[in-house]
Amino acid sequence: MSASLWDRRVVPHLVEWACGANPVRRQRAKIVPGARGRVLELGVGSGLNFAHYDSDAVTAVVAIDPSRELLERARVAARDVPFEVTFEEASAEALPVDDASFDTVVVTYSLCSIPDVAAALLEARRALRADGSLRFVEHGLAPDADVARWQRRLDRYWTRCAGGCHLDRDVPALLAAAGFALEFVESLYLPGPRWLNYNTWGVARPG
Ligand SMILES: C[S@@+](CC[C@H](N)C(=O)[O-])C[C@H]1O[C@@H](n2cnc3c(N)ncnc32)[C@H](O)[C@@H]1O
């Protein structure tokens, strides 16, 4: 089976299954309801965050993802939401949006998969108003040396079968390198393998 067939036919099911697990849903509930105003969601996947937005606070969501298959699922998930959702088949590294045109950027479990994550975070900063915020929940590089060692060892194998997902990205450091000021960051291990389940979440300001 070619990599592209795997990515198109199998990975969307894996993403929806893994990202729909209860511990992951609880992580979304810590971050997504705080989104306000005009929201840009990076790597929307199958739209699992839509149910978590506060419809009194959100005026519109622009949802981007390069995967046509996942966008089709997200369109179905958006059918019943009471705010406007528009979809762009696009990459976070080259956002088809104006400068300073969003109040909130939401990104959940996608910074692991975006190939040029540094470029994507610079784009997210460009898209945000000066008083806006980026709200994130991600898995990534663990602070424990033994876990981090396994993450670095397994990364090259994992990324090939998990749609380009990386295990060893240091999300707070990437945000800081892109010029974001971290308002708060929290972390924990979700249940399951520690190399996969070290989560960080928080809010970052464009600075
Ligand atoms: C693990 S899924 C997470 C999906 C969703 N954010 C969620 O929380 O359920 C990773 C997502 O990143 C998307 N992705 C991969 N490369 C990307 C890129 N260059 N720009 C934006 N999204 C990308 C994938 O298509 C996929 O939807």
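Heads up: these notes are all about the structure in this document.

**So, the overall build of the protein chain**
Along the protein chain, the regular secondary structure elements total seven helices and seven strands. Helices and strands in the protein chain line up, N terminus first, as α-α-β-β-α-β-β-α-β-α-α-β-α-β. Relative to a compact globule of 207 residues, whose C-alpha radius of gyration would be 17 Å, the protein chain shows 16 Å and is just as compact. C-alpha extents for the protein chain along the principal axes are approximately 40 × 40 × 30 Å. Within the protein chain, the proportion of its 207 residues that are buried is 40%. Within the protein chain, contacts between residues at least 6 apart in sequence are counted, and of these 68% link residues at least 24 apart.

**Section: the sheet that holds strand E2 (residues 58-65)**
One open sheet accounts for seven strands, arranged E3-E2-E1-E4-E5-E7-E6; its pairing is mixed. The open sheet is flanked by strand E3 (84-89) and strand E6 (181-189), the only strands paired with a single partner. Sheet twist, expressed as the mean angle between neighbouring strand axes with direction ignored, is 15°. The pairing of strand E1 (residues 37-42) with strand E4 (residues 102-108) spans four bridges and is parallel. Bridge pairing in E4 places Leu40 opposite Val105. Helix H3 (residues 68-77) rests against E2 and E3 of the sheet, and its axis sits at about 170° to E3. Against the sheet, helix H4 (residues 117-127) makes contact with E1, E4 and strand E5 (128-139), and its axis sits at roughly 145° relative to E5, the strand it touches most.

**As for the nonpolar core**
Within the largest apolar cluster, 45 residues are counted, with the highest numbers of intra-cluster contacts made by Leu42, Val105, Ala124, Leu134 and Phe136. Contributions of two or more residues to this core are made by helix H1 (3-19), E1, E2, H3, E4, H4, E5 and helix H6 (171-177). Setting aside residues up to four positions removed in sequence, Val105 forms contacts with Leu40, Leu42, Ala124, Ala127, Leu128 and Leu134.

**Some thoughts on the site of the ligand**
Not every one of the 21 residues close to the ligand is listed here, only the nearest: Cys19, Gly43, Gly45, Ser91 and Ala92. Within the shell around the ligand, the residues separate by chemical class into twelve nonpolar, seven polar and two charged.

**Focus on the pairing of E5**
Most of E5 is tucked away: nine of the twelve residues are buried. The pairing of E4 with E5 spans six bridges and is parallel. Bridge pairing links Thr108 to Val137 in E5. Once the chain exits E4 it traverses H4 before rejoining the sheet at E5, and the crossover so formed is right-handed. Of the pairings in the sheet, the one linking E5 to strand E7 (residues 198-205) comprises six bridges and is antiparallel in character. Pairing of Val137 across the sheet is with Trp201, part of E7.

**Considerations on unusual backbone geometry**
One non-glycine residue, Ala100, adopts positive backbone phi at about 50°. Note that Ala100 resides in the loop between E3 and E4. Residue class for Ala100 comes out partly exposed when judged on the 14 C-beta atoms lying within 10 Å of it. With phi around 55°, Tyr109 is a residue other than glycine that occupies positive phi space. Relative to the helices and strands, Tyr109 resides in the loop between E4 and H4.

What counts as what
- Residues numbered from 1 in each chain as written.
- Predicted model: local features only at pLDDT ≥ 70, side-chain atom pairs only at ≥ 80, totals over all residues.
- Helix = DSSP H or I, 4+ residues; strand = E, 2+ residues; numbered from the N terminus.
- Rg over C-alpha atoms; globule rule 2.2 N^0.38 Å.
- Buried ≥ 20, exposed ≤ 12 C-beta atoms within 10 Å, placed from the backbone.
- Contact = placed C-beta atoms within 7 Å.
- Pairing = 2+ DSSP bridges.
- Axes fitted to C-alpha atoms, helices over the stretch in contact; angles between N-to-C directions.
- Core = buried A, V, L, I, M, F, W, Y, C linked by C-beta atoms within 7 Å.
- Near = placed C-beta within 6 Å.
- Nonpolar A, V, L, I, M, F, W, Y, C, P; charged D, E, K, R; others polar.
- Right-handed = clockwise from strand over helix to strand, strands pointing away.

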